[in-house]
Amino acid sequence: MTNLHRLSIRELSEGLQQGKFSSRELTQHYLKRIEKIDAQVKSYVTVTPELALSQADAADAAIKAGNATALAGIPLAHKDIFCTQGVRTSAGSKMLDNFISPYDATVVTKAKAAGLVTLGKVNMDEFAMGSTSESSYYGATKNPWNLDYVPGGSSGGSAAVVAADLAPFATGTDTGGSIRQPASFCGLTGLKPTYGRVSRFGIIAFASSLDQAGPMARSAEDCAYLMNVIAGHDAKDSTSVDKKVDDYVANLNATSVKGLRIGIPKQYFNVAGLAADVKARVEESLKKLEDMGAILVEVDLNMVEAYVPTYYLIAPAEASSNLSRYDGVRYGYRCENPVDLMDLYKRSRSEGFGEEVKRRILIGTYALSAGYYDAYYVKAQKVRRLIQQDFLKAFENVDVIAAPSAPTTAYKIGANLSPTEMYLGDVYTLAVNLAGLPAINAPVGLDDHNLPVGLQLIGNYWSESQLLSIVHQYQQNTDFHTQRAAIAEENA
Ligand code: GLN
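What you see is a predicted model, and the numbers here were worked out from it, not measured in a lab. (Residues numbered from 1 in each chain as written. Predicted model: local features only at pLDDT ≥ 70, side-chain atom pairs only at ≥ 80, totals over all residues. Heavy atoms only, no water.)

What to know about the packing of aromatic side chains
Put simply, the test is: Any Phe, Tyr or Trp ring, taking Trp's six-membered ring, that has another such ring centre within 6.5 Å forms a pair; planes under 30 degrees apart are called stacked, those over 60 apart edge-to-face, and the others tilted. Only runs of H or I of at least four residues qualify as helices and only runs of E of at least two qualify as strands under DSSP, and these elements are numbered from the N terminus. Any residue under 20% of the maximum accessible area for its type is buried, any over 50% is exposed, and the rest in between are partly exposed; the area is computed with a 1.4 Å probe on protein chains only. Charges are assigned to positions over rings by a cutoff of 6 Å between ring centre and Lys NZ or Arg CZ, combined with an angular limit of 35 degrees from the ring normal.
Summed over all chains, the structure comprises 16 aromatic pairs. With a centroid separation of 5.2 Å and 40 degrees between ring planes, the pair formed by Y373 and Y377 is classed as tilted. In this pair, Y373 and Y377 are both assigned in helix 12 (residues 373–394), four residues apart and thus about one turn of the helix distant. Residue classification places Y373 among the partly exposed positions, given a relative accessible area of 34%. Its relative accessible area of 15% is what places Y377 among the buried residues. By way of ring pairs, the aromatic residues F99, F127, Y326, Y331 and F353 are connected into one cluster. A cation over an aromatic ring shows up here: K94 above the ring of Y333, its NZ or CZ 4.9 Å from the ring centre.

Looking at the site of the ligand
Our working rule: Any residue with a non-hydrogen atom lying within 4 Å of a molecule or strand is treated as near it. Within 3.5 Å is the distance limit for a polar contact, defined as a pair of N or O atoms, with the added protein rule that one can donate a hydrogen and the other accept it, and that residues adjacent in sequence qualify only through two side-chain atoms. Residue exposure ignores everything except the shown protein chains as possible cover, and the areas themselves are Shrake-Rupley values with a 1.4 Å probe. When residues are grouped by polarity, Ala, Val, Leu, Ile, Met, Phe, Trp, Tyr, Cys and Pro land in nonpolar, Asp, Glu, Lys and Arg in charged, and all others, Gly among them, in polar.
The ligand sits among 15 residues. The nearest are A128, G176, S178, Y311 and R360. S131 is positioned with one of its side-chain polar atoms (N or O) 2.9 Å from a nitrogen atom of the ligand. Within the side chain of S178, an N or O atom sits 2.6 Å from an oxygen atom of the ligand. Taken by itself the ligand offers 290 Å² of open surface, and the protein chains cover 99% of this. Of the residues contributing to the shell around the ligand, the split by class is five nonpolar, seven polar and three charged.

A look at the pairing of strand 3 (residues 117–122)
Note the threshold: Strands are treated as partners if at least two bridges between them are detected by DSSP.
For strand 3, a buried count of six out of six residues is recorded, marking the element as mostly surrounded by other parts of the structure. Taken together, the three bridges between strand 1 (residues 44–47) and strand 3 define a ladder with antiparallel strand orientation. Residue Y44 lies in a different strand from strand 3, and its bridge partner there is V122. Across five bridges, the pairing between strand 2 (residues 75–79) and strand 3 is parallel.

Digging into the nonpolar core
Going by this rule: For this analysis, a nonpolar core means a set of buried residues of the types Ala, Val, Leu, Ile, Met, Phe, Trp, Tyr and Cys, connected via side-chain atoms within 4.5 Å. Whether two residues are in contact is decided by their heavy atoms, any of which lying within 4.5 Å being enough.
Formed by 154 residues in total, the largest nonpolar core has its most connected members in L116, F127, L289, F391 and L468. Setting aside its immediate chain neighbours within four residues, F391 contacts Y268, L301, Y307, I401, A431, A435, L437 and I458.

Observations concerning the pattern of salt bridges
Operational definition: One side-chain nitrogen of Lys or Arg within 4 Å of one carboxyl oxygen of Asp or Glu is enough to make a salt bridge.
What the rule picks out here adds up to 21 salt bridges. Two residues, K121 and D80, come together in a salt bridge whose shortest N-O distance is 2.8 Å. Taken together, the residues K121 in strand 3 and D80 in the loop between strand 2 and helix 4 (106–113) connect sequence positions 41 residues apart. Among the residues examined, K121 registers a relative accessible area of 0% and is labelled buried. By relative accessible area, D80 is classed as buried at 0%.

Observations regarding the pairing of strand 4 (residues 169–173)
With respect to burial, strand 4 is a largely interior element, five of its five residues being buried. Neither face of strand 4 is open: one carries F169, T171 and T173, the other A170 and G172, and all of them are buried. Where strand 4 and strand 6 (residues 213–217) come together, five bridges link them in antiparallel fashion. Paired with F169 across the bridge in strand 6 is A217.

Observations concerning unusual backbone geometry
Outside of glycine, negative phi angles account for most residues, and trans bonds account for most peptide bonds. Residue S154 is bonded to the preceding G153 through a cis peptide linkage, with omega at 5 degrees. In this model, F127 sits at a positive phi of 50 degrees, which is unusual for a non-glycine residue. Along the polypeptide, F127 turns up in the loop between strand 3 and helix 5 (156–163). Its relative accessible area of 1% is what places F127 among the buried residues. With a phi close to 65 degrees, W462 is a non-glycine residue in the positive phi region.

As for the side chain of R200
In this fold, R200 is placed in the loop between strand 5 (189–192) and strand 6. Owing to a relative accessible area of 16%, R200 belongs among the buried residues under this scheme.

Observations concerning the packing of helix 9 (residues 304–322) against helix 12
Put simply, the test is: Orientation is described by axes fitted as lines to C-alpha atoms, over the contacting stretch for helices, and by angles from 0 to 180 degrees between their N-to-C directions. Roughly parallel covers angles under 35 degrees, roughly antiparallel covers those over 145, roughly perpendicular covers 65 to 115, and oblique covers all other angles. Left-handed describes a crossing whose near helix is turned anticlockwise from the far helix by less than a right angle; the clockwise case is right-handed.
Interaxial distance between helix 9 and helix 12 falls to 9 Å at its minimum, and their mutual angle equals 125 degrees. Judged by the angle between their axes, helix 9 and helix 12 are oblique. Where helix 9 crosses over helix 12, the two elements pack in a sense that is left-handed. Note on element contacts: helix 12 touches helix 9 through Y376, Y377, A380, Q381, V383, R384, I387 and F391, opposite A306, Y307, T310, L313, I314, A317 and E318. Considering only residue class, the contact of helix 9 with helix 12 consists of eleven nonpolar, two polar and two charged.

Here we look at the packing of helix 11 (residues 355–368) against helix 12
Where helix 11 contacts helix 12, the axes come no closer than 7 Å and their chain directions differ by 105 degrees. Judged on the interaxial angle alone, helix 12 and helix 11 are roughly perpendicular. In this structure, helix 11 uses Y366, A367 and L368 to contact helix 12, whose residues at the interface are Y373, Y376 and Y377.

Description of helix 9
We count it as follows: A helix is expected to span 1.5 Å multiplied by its residue count minus one. Fitting one axis to the seven residues ending at a residue and another to the seven starting there, the bend at that residue is the angle between the two axes.
In a regular helix each residue adds 1.5 Å, so 19 residues correspond to 27 Å; helix 9 covers 27 Å between its end C-alpha atoms and thus fits that length. Residue T310 marks the point of greatest curvature in helix 9, where the axis turns by about 25 degrees. Among the 19 residues that make up helix 9, 16 are buried, leaving the element largely enclosed by the rest of the structure.

Function-wise, these values are silent; they only describe arrangement.
See below:
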């Protein structure tokens, strides 16, 4: 079989269970594609063929013995922010280039328990700070739709592997849009779950009150399969919530689009910098949902102008605290020949962190310093609460809220936006993390450069099943999610 990489997760599961192909064949098929194509895309930081083949053989044995779970033997790529035992976990940083994790993140443990096969670890912005994946120590990943463009970030590698058919699905993390925006830039479906739905244990911390892991795949159905694996309470993460997990696959048709009230925040569609093509595609997708029976309702989200400043205060504050652990002593990069302890700290951190990470440590440390704490950090926390209340008020009248995932399509590699220009590109995703809400990106067509555009649907707390179901039904009625990136077409 030559087209194994074109199959959906359900088709892969059926094919494996019915013995049409083995997990070893499937895994080797992907490893070969990676070898052939990834030099152009540069999505993998580490490929793990030995681990993958041993997991594939174990899955094949379980399938033969008749005691395999539904996803046993299906390959998966992990963002290089999930600790994987015995494998380098770099977070895209020179600081962790030599870090072999002694343990697995809970998401990785759950994936292994489900019989999924680890193909490797994929590229990302350094410590998940960025929107292009260019801040990685390992260099830029390319957008499979056009190799001159970025795949988005920070989970750019996760998006690129799926869009280039170098993995059937991937894990990502989203602190301020890092699942939804790269999914948007690469024409994929990506879900950022409610804060607390997926364990953060073993995920290299960026901003702990915002970080959340989720699936990135071609369709809502494929995402649902991965959500069934990774969601749930974990005693090792005190912020994970002990709440019944839905069966996301079984519920794919459970939400009726007929009569569904979709909120349209008019302020979102007046944001300066919203590209005409993006606006047009998003409006067309809303028209389609309306044709399917949804009711579009105007809602007010008045805090839009506060999103970027609030996030870019809180996220760096938490990052500066989280990243203080990288001191050159216990693990990670250590400078050569330190003359004393201070020199060891200073040079290890100066040499080990990249520019964007240092910028955020500086901003965060400043905002948390005794003289400015009330003026900046405490103020930002108060605004954060107002942003959340704004959403809750909107949800009194609507079931979900629609928005673009990003104001533009993918940027050119090396476009060198200033930090503030780059931050403004996150305007549609940040508030969801500040409020702890779930949101999903769905591909809804292309711009006039043939680059994908994404629709974002934001749900109320714990509504990931509903979001997946709405997108699933939209995808039953459209074919944007089946369109393949250029490099995938060339290597079909
Ligand atoms: N682009 C945002 C940032 O740079 C979000 C990143 C993320 O979600 N990890 O912080």
